[in-house]
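# Secondary and tertiary structure notes
As a plain string of letters, each chain reads:
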Number of protein chains: 2
Amino acid sequence: MTDDARSPQLLRAVMALRAKLLAGEFPPGERVAELTLAPLLGVSRTPLRLALGVLEHEGLLRTLPGGGFVVRDFTLADLRDAIELRGILEGSAARFAAERWSNPRSFNRLVSAVAAMDALYAADSFDFAAYVTENERFHAALLDLAQSPMLSRALAQATALPFASPSAFVWAQSEIDKRNHILLIAQDQHRLILEAVQNREGTRAEALAREHARLALRNLEAALKNRTAMDAVPGSALIRTDSEDDDHALRA
Amino acid sequence: MTDDARSPQLLRAVMALRAKLLAGEFPPGERVAELTLAPLLGVSRTPLRLALGVLEHEGLLRTLPGGGFVVRDFTLADLRDAIELRGILEGSAARFAAERWSNPRSFNRLVSAVAAMDALYAADSFDFAAYVTENERFHAALLDLAQSPMLSRALAQATALPFASPSAFVWAQSEIDKRNHILLIAQDQHRLILEAVQNREGTRAEALAREHARLALRNLEAALKNRTAMDAVPGSALIRTDSEDDDHALRA
DNA sequence: AGCAGAGTTAATGCATGCAATATAGCGAAA
DNA sequence: TTTCGCTATATTGCATGCATTAACTCTGCT
């Protein structure tokens, strides 16, 4: 995301630290010290410092007033906002795609992603991994059709938070929705978005894509009642559930 | 933005380099080398490296595949997209504000900003600097009422580009619109947004705020015909005007 | 003359040492 | 007992030296 292969140490530090954060190895709110992290990640302090900056941009860390970083914690309100924000941006991408798309080849990528997901539903056993891949292809194709680098940047930042990604709750769905009703609805929305884009119905495409993102909200509410489903959500360890989602719990 | 006073060298490097970039001291597309920049900014390479990362995140620089950074150039299509994106996000902020606002004191900040701008219009000579201040207060109050940290982050990133800020074209207006017709329209929109938020008309507030941002688009089109007006736009030195017919927008 | 390869140069990436500062702990005084 | 201040420690911030690698050039060969 930041550098390709030219910064092995930086890349290593970012990936390793991100994995540890998402795994919940560091409690939210705790200060992460460079000197303790450096040996853990096997890198020196210089690339580690850069990695901390990257993770801060992604939103997983926050800077302290006095310097240094703490693991950020997220409330349920943050999750809902992140999902809604993704819906806003993907809705705009859908609108732009409807208004602007011109290249039939790019459009065909959207069609083929929908067709591929249709084929997955026809199969006997549902292949979740393949679905996630095709789902991301769909969203990528939509963003490509929008032809808006600025929007791409904003969406990339918004979906950098793990639980805000388009397929964040797909794995949870396998737990809470055995019959895959929600996935059927999602696929129907994919088809409708495709149709709206094809017909250049910008407003309709935007509304559909916004509502499509809100499926993740429904999954979130359902997953909250099911611990094993919630554990399947990436980054769930950073969600503050102990002292309620509402503000200041009196720390005794 | 990144650190407060704990990183004097980093802060110095970010501000100095940003100023030089916006002033057009480095031609867009040119590689910025650390070793040449370090003595120019009076900082060492370590904080300079961090500063380059910050400016990259802001969008003023791009990383090269082989490492290093280049000054980013912007097409007119990029400007239009950036303004439209700001409209999308501020529209959402207005909708959230309408749907969620509860604290009368925060709401009053919105009211007072509008009133202050009204007062500025009543004066004999129009105080542009004061207008910019109050305009930013209006937008800040709206964002505050939205109560969405995620949206705030996204908007902060979107408006980090200088020409995408809410008051980027106000100075240009003093050149191209001596009678301030556009500012009168802008102020009317401020009032309407305030009214919609007060009445909890979310959809209306969103549409109004989107259209409000598009005033900047109109100013952009007007400023393009007036060189001195365009020079008043911050960061105009980074806009690619030589090869004209902005690439992918009209590419069909 | 053009292309390829090797050598050289210059820029980035990384590591470590040093200095400045915030924090925590302890003690003394009110 | 509480609070203020001092000290000690630990952590961040910065600078510089070194290694690696990419780019450029020059030369020799086809």
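The residue numbering used here restarts from 1 in each chain and proceeds along that chain's sequence as written. Labels are handed out in written order, letters beginning with A for the chains and numbers beginning with 1 for the ligands. At least 70 in pLDDT is required for a residue's local features to be given in this predicted model, at least 80 for side-chain atom pairs to be given and counted, and no such filter applies to totals for whole chains, interfaces and linings, which use all residues. Think of the side-chain values as coming from all heavy atoms in the structure, minus any hydrogens and water.

## A short note on the overall build of chain A
When its secondary structure is counted, chain A shows 11 helices and three strands. As defined in this context, the radius of gyration uses C-alpha atoms, and a globule is described by 2.2 Å times the residue total to the power 0.38. A globule of 252 residues ought to have a C-alpha radius of gyration of about 18 Å, and chain A, at 20 Å, matches this closely. Overall size of chain A, expressed as C-alpha extent along the three principal axes, is 55 × 45 × 35 Å. For each residue, the accessible area found with a 1.4 Å probe, counting protein chains only, is set against the maximum for its type, and the residue is called buried under 20%, exposed over 50%, and partly exposed in between. Classification of the 252 residues of chain A by burial places 51% in the buried group. In this analysis, two residues are considered to be in contact whenever any of their non-hydrogen atoms come within 4.5 Å of each other. The long-range share in chain A, meaning contacts at least 24 apart out of those at least 6 apart in sequence, stands at 73%. Accessible areas in this description were obtained via Shrake-Rupley with a 1.4 Å probe; residue shielding takes into account the shown protein chains only. With an accessible surface of roughly 11600 Å², chain A has 53% of that area assigned to carbon and sulfur atoms. By the counting scheme adopted, Arg and Lys are positive, Glu and Asp are negative, and His together with the chain ends is not counted. For the purpose of locating charges, the reference atoms are NZ of Lys, CZ of Arg, CG of Asp and CD of Glu. Across chain A, the centroid of the 29 positively charged side chains sits 4 Å from that of the 33 negatively charged ones. Only DSSP runs of H or I reaching four residues or more are called helices, and only runs of E reaching two or more are called strands; each is numbered from the N terminus.

## Some details on the protein's contact with DNA strand C
Surrounding DNA strand C, one finds 20 residues, the nearest of these being Gln9, Ser44 and Thr46 of chain A together with Glu34 and Arg45 of chain B. Counting of polar contacts relies on pairs of N or O atoms within 3.5 Å, with two restrictions inside protein: one atom must be capable of donating a hydrogen and the other of accepting it, and residues adjacent in sequence are counted only when both atoms are side-chain atoms. One of the backbone N or O atoms of Gln9 of chain A is found 2.9 Å from a phosphate oxygen in DNA strand C. At 3.2 Å from a phosphate oxygen of DNA strand C is found a main-chain nitrogen or oxygen belonging to Ser44 of chain A. Among the elements of the structure, α1 (8-22) and α3 (45-58) of chain A together with β1 (31-32), α2 (34-41) and α3 (45-58) of chain B are those that each provide at least two residues to the surface near DNA strand C. Along the lines of polarity and charge, the residues of the surface near DNA strand C split into six nonpolar, six polar and eight charged. Residues are counted as near a molecule or strand when any one of their heavy atoms sits within 4 Å of it. Gly counts as polar in this scheme, as do all residues outside two lists: the nonpolar Ala, Val, Leu, Ile, Met, Phe, Trp, Tyr, Cys and Pro, and the charged Asp, Glu, Lys and Arg.

## Some words on the nonpolar core
By nonpolar core is meant a set of buried Ala, Val, Leu, Ile, Met, Phe, Trp, Tyr and Cys residues that side-chain atoms within 4.5 Å join together. Ranked by internal contacts, the top residues of the largest apolar core, which has 106 residues, are Leu89 of chain A together with Leu89 of chain B. Discounting residues that sit within four places of it in the chain, Leu89 of chain A has contacts with Leu151, Ala154, Leu155 and Ala158 of chain A together with Leu85 and Leu89 of chain B.

## Considerations on the sheet that holds strand β2 (residues 61-63) of chain B
Residues and elements named next belong to chain B. One open sheet accounts for three strands, arranged β1-β3-β2; its pairing is antiparallel. Two strands bound the open sheet, and with one partner strand each, they are β1 and β2. Any two strands with at least two DSSP-identified bridges between them are counted as paired. Sheet analysis places β1 next to strand β3 (residues 69-71), joined by two bridges and oriented antiparallel. Bridging across to β3, Arg31 finds its partner in Val70. Angles here are taken between N-to-C directions and fall from 0 to 180 degrees, while the axes themselves are lines fitted to C-alpha atoms, restricted in helices to the stretch in contact. With respect to the sheet, α3 is in contact with β1, β2 and β3, its orientation differing from that of β2 by roughly 105 degrees.

## Some thoughts on helix α5 (residues 104-122) of chain B
Residues and elements named next belong to chain B. Expected helix span is taken as 1.5 Å per residue step, with the number of steps being one fewer than the number of residues. With 19 residues, α5 extends 27 Å from end C-alpha to end C-alpha; this agrees with the ideal 27 Å at 1.5 Å per step. Looking at the packing, one finds that the buried side of α5 touches α6 (128-146) and α9 (181-198). Two to three positions downstream of the cap, the backbone nitrogen of Arg105 sits 2.9 Å from a side-chain oxygen, assigning the N-cap of α5 to Asn103.

## Side note on the relation of the copies chain A and chain B
Alignment of copies: least-squares fit on C-alpha atoms of residues with pLDDT of at least 70 in both copies. When chain A is brought onto chain B, the operation consists of a screw motion whose angular component is 180 degrees and whose axial shift is 0.0 Å, with 0.0 Å RMSD remaining. Interpreted geometrically, this transformation is the action of a two-fold axis. Here 97% of the interface residues in chain A have copies in chain B that are interface residues too; the copies meet face to matching face.

## Structural notes on the confidence of the model for chain A
Taken residue by residue, chain A gives an average pLDDT of 89. The fraction at 70 or more is 93%. The quantity known as pLDDT measures the predictor's confidence residue by residue, on a range of 0 to 100. Note that pLDDT drops below 50 for residues 244-252 of chain A; the model gives that stretch five contacts with residues more than four away or on any other chain.

## Considerations on the interface of chain A and chain B
Contacts between the two partners involve 39 residues from chain A, matched on the other side by 41 residues from chain B. The buried area of a pairing is the accessible area, by a 1.4 Å probe, that goes missing from both parts when the two are put together, added over both. Summed over both partners, the interface of chain A with chain B buries about 3200 Å², with 51% contributed by carbon and sulfur atoms. Considering only the surface of chain A that becomes buried against chain B, Asp81, Met150 and Arg153 of chain A emerge as the three largest contributors, covering 21% of it. What makes a salt bridge here is a side-chain nitrogen of Lys or Arg within 4 Å of a carboxyl oxygen of Asp or Glu, nothing more. Our enumeration of links across chain A and chain B arrives at six salt bridges. Linking Glu206 of chain B and Arg210 of chain A is a salt bridge whose minimum nitrogen-to-oxygen distance equals 2.5 Å. At the surface where chain A touches chain B, the tally comes to 11 residue pairs in polar contact (both at pLDDT 80 or more). Those elements that provide at least two residues to the side of chain A that touches chain B are α3, α4 (76-100), α7 (149-158) and α10 (202-223) of chain A.

## Here's the deal with the packing of aromatic side chains
Two rings from Phe, Tyr or Trp (for Trp, the six-membered ring) form a pair when their centres sit within 6.5 Å of each other. Planes less than 30 degrees apart are called stacked, planes more than 60 degrees apart edge-to-face, and all others tilted. Counting across every chain of the model gives 12 aromatic pairs over all chains. Aromatic side chains Phe126 of chain A and Phe128 of chain A sit 5.0 Å apart centroid to centroid with 80 degrees between the ring planes, which places their arrangement in the edge-to-face category. The class of Phe128 of chain A is buried, set by a relative accessible area of 15%. Aromatic pair Trp101 of chain B and Phe107 of chain B: ring centres 4.4 Å apart, planes at 25 degrees, arrangement stacked. Exposure remark for Trp101 of chain B: the relative accessible area of 14% places this residue in the buried category.

## Comments concerning the protein's contact with DNA strand D
Taken together, 20 residues lie near DNA strand D, and Ala33 and Arg45 of chain A together with Gln9, Ser44 and Thr46 of chain B sit nearest. Sugar plus phosphate: this is where 59% of the atoms of DNA strand D within 4 Å of the protein reside. A distance of 3.2 Å is found between a phosphate oxygen of DNA strand D and a backbone nitrogen or oxygen belonging to Glu34 of chain A. A distance of 3.2 Å is found between a phosphate oxygen of DNA strand D and a side-chain nitrogen or oxygen belonging to Arg49 of chain A. Put simply, the parts of the chain that give the surface near DNA strand D at least two residues each are β1 (31-32), α2 (34-41) and α3 of chain A together with α1 (8-22) and α3 of chain B. Across the surface near DNA strand D, the residue classes break down as six nonpolar, six polar and eight charged.

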